[in-house]
Amino acid sequence: PLSMIPVRPNGPGAEPPMEQNIVRVNKFFHAHPWLVFDNDGSDQIDGIRFSVYLEGPQRSQGVFGSGTMIVTMYRLDGDKTGREVPTKLQEWEMTSQQAYPWRAKKQTLLGWGYGLRLHWDNKLKLEGKQIALVIRYVREDGQAISSSRQVLKVPVHSSSSIARR
């Protein structure tokens with residue numbers, strides 16, 4: 001549990017502070033964000049990796065938040081008129097304690113962030129499909145802040161673009 005993790009005083013190696021007043025959610029995707037979690041030999045893509053940086057009101061650098069992060073994945077299809085139709089497929093919800101293992105160990109030029117590695121339901125079969133991801137952050141006061149959406153096309157079996165979890 002979080003309460004058992006020692007908090008060091010300010011200075012080198014200090015634990016970064018938690019921010020309640022998150023005002024912006026930024027996300028960054030690697031050029032090849034795809035993951036294979038199952039070792040069944042199929043090389044079926046069933047996950048994705050990306051970084052999330054939450055900004056407080058003071059500076060445009062990432063901080064760790066005390067609220068809840070919610071990642072929602074949609075499949076994007078077209079209707080008969082060519083309009084985009086999003087279908088919600090899966091949602092991952094993480095309290096600050098549940099997100100703790102995904103925290104960066106070192107601060108970067110972008111500040112403190114989370115390196116998420118999400119495994120989706122194997123029944124989804126998303127290879128060759130277009131998906132969208134939106135990261136929503138719900139502060140302790142109930143206010144929700146959303147990232148812009150990230151649209152990606154899940155590749156069909158391609159071992160060159162897949163990272164093993």
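Since the model is a prediction, treat every value here as computed from it, not as a measurement.

A.B. asks: Looking at this structure, how should I read the overall build of the chain?
C.D. replies: In terms of regular secondary structure, the chain is built from 1 helix and 11 strands. Counting from the amino terminus, the chain carries its helices and strands in the arrangement β-β-β-β-β-β-α-β-β-β-β-β. Considering the chain as a whole, with its 165 residues, one finds that 38% of them fall into the buried category. Taking contacts inside the chain between residues at least 6 apart in sequence as the whole, the part at least 24 apart equals 67%.

A.B. asks: I tried to follow the packing of aromatic side chains on my own but got confused; where do I start?
C.D. replies: Aromatic ring pairs are reported here in terms of the distance separating the ring centres and the angle at which the planes meet. Scanning the entire structure with this criterion turns up 5 aromatic pairs. Where Phe28 meets Tyr53, the ring centres are 5.8 Å apart and the plane angle is 75°; that geometry is what we call edge-to-face. Note that Phe28 is positioned in strand β2 (residues 24-36) and Tyr53 in strand β3 (residues 47-55), a separation of 25 residues in sequence. The class for Phe28 is partly exposed, based on a relative accessible area of 40%. The interplanar angle of 20° and the centroid separation of 4.6 Å between the aromatic rings of Phe29 and Phe50 together place this pair among those described as stacked. Linking Phe29 in strand β2 with Phe50 in strand β3, this pair joins segments that are 21 residues apart in sequence. Residues Phe29 and Phe50 agree in their burial class; the two are buried.

A.B. asks: Even after reading the chapter, I still don't get the pattern of salt bridges, so can you show me in this structure?
C.D. replies: A complete count under the given rule lists 6 salt bridges for this structure. For Asp79, the salt bridge is made with Arg83, and the minimal N-O distance between the two is 3.7 Å. With relative accessibility at 28%, the residue Asp79 sits in the partly exposed group. According to the relative accessible area criterion, Arg83 is exposed, its value standing at 58%. The salt bridge partner of Glu84 is Arg149, with a shortest N-O separation of 2.6 Å. Placement of Glu84 in strand β6 (residues 84-94) and of Arg149 in the loop between β9 (144-146) and β10 (150-153) is noted, with a sequence separation of 65 residues between them. On the basis of relative accessibility, which here comes to 42%, the residue Arg149 falls in the partly exposed class.

A.B. asks: Would you mind showing me how to read the nonpolar core here?
C.D. replies: Side chains that are nonpolar tend, in soluble globular proteins, to be buried together. The biggest cluster of nonpolar side chains holds 29 residues, and the ones touching the most others in it are Ile48, Phe50, Val52, Val71, Leu116 and Trp120. At the level of elements, β2, β3, β5 (68-78), β6, β7 (114-119) and β8 (130-138) are the ones that each hand at least two residues to this core. The residues touching Leu116, leaving out its near neighbours within four places in the chain, are Ile48, Arg49, Phe50, Val52, Met69, Val71, Met94 and Trp102.

A.B. asks: Could you clarify how one ought to interpret the confidence of the model for the chain in this entry?
C.D. replies: As a note on interpretation, predicted positions should not be read in detail where pLDDT is low. In the predicted model, the chain carries a mean pLDDT of 87, and the fraction of residues at 70 or more is 85%. Across the chain, element-level confidence peaks in β9 with a mean pLDDT of 98 and bottoms out in strand β11 (residues 162-164) with 54. Low pLDDT, under 50, characterises residues 1-11; the stretch is placed with 9 contacts to residues that sit more than four places away or in other chains.

A.B. asks: Even after reading the chapter, I still don't get the pairing of β3, so can you show me in this structure?
C.D. replies: Most of β3 is tucked away: 7 of the 9 residues are buried. Across 8 bridges, β2 lies against β3 in antiparallel orientation. Each residue of the ladder has a partner; that of Leu35, found in β3, is Gly47. Relative to β7, β3 is paired through 6 bridges, and the arrangement is antiparallel. Paired with Arg49 across the bridge in β7 is Arg117.

Parameters at a glance
- Residues numbered from 1 in each chain as written.
- Predicted model: local features only at pLDDT ≥ 70, side-chain atom pairs only at ≥ 80, totals over all residues.
- Heavy atoms only, no water.
- Helix = DSSP H or I, 4+ residues; strand = E, 2+ residues; numbered from the N terminus.
- Buried < 20%, exposed > 50% of the residue type's maximum accessible area, 1.4 Å probe, protein only.
- Contact = heavy atoms within 4.5 Å.
- Phe/Tyr/Trp six-rings, centres within 6.5 Å; stacked < 30°, edge-to-face > 60°.
- Salt bridge = Lys/Arg side-chain N within 4 Å of Asp/Glu carboxyl O.
- Core = buried A, V, L, I, M, F, W, Y, C linked by side-chain atoms within 4.5 Å.
- pLDDT = per-residue confidence, 0-100.
- Pairing = 2+ DSSP bridges.

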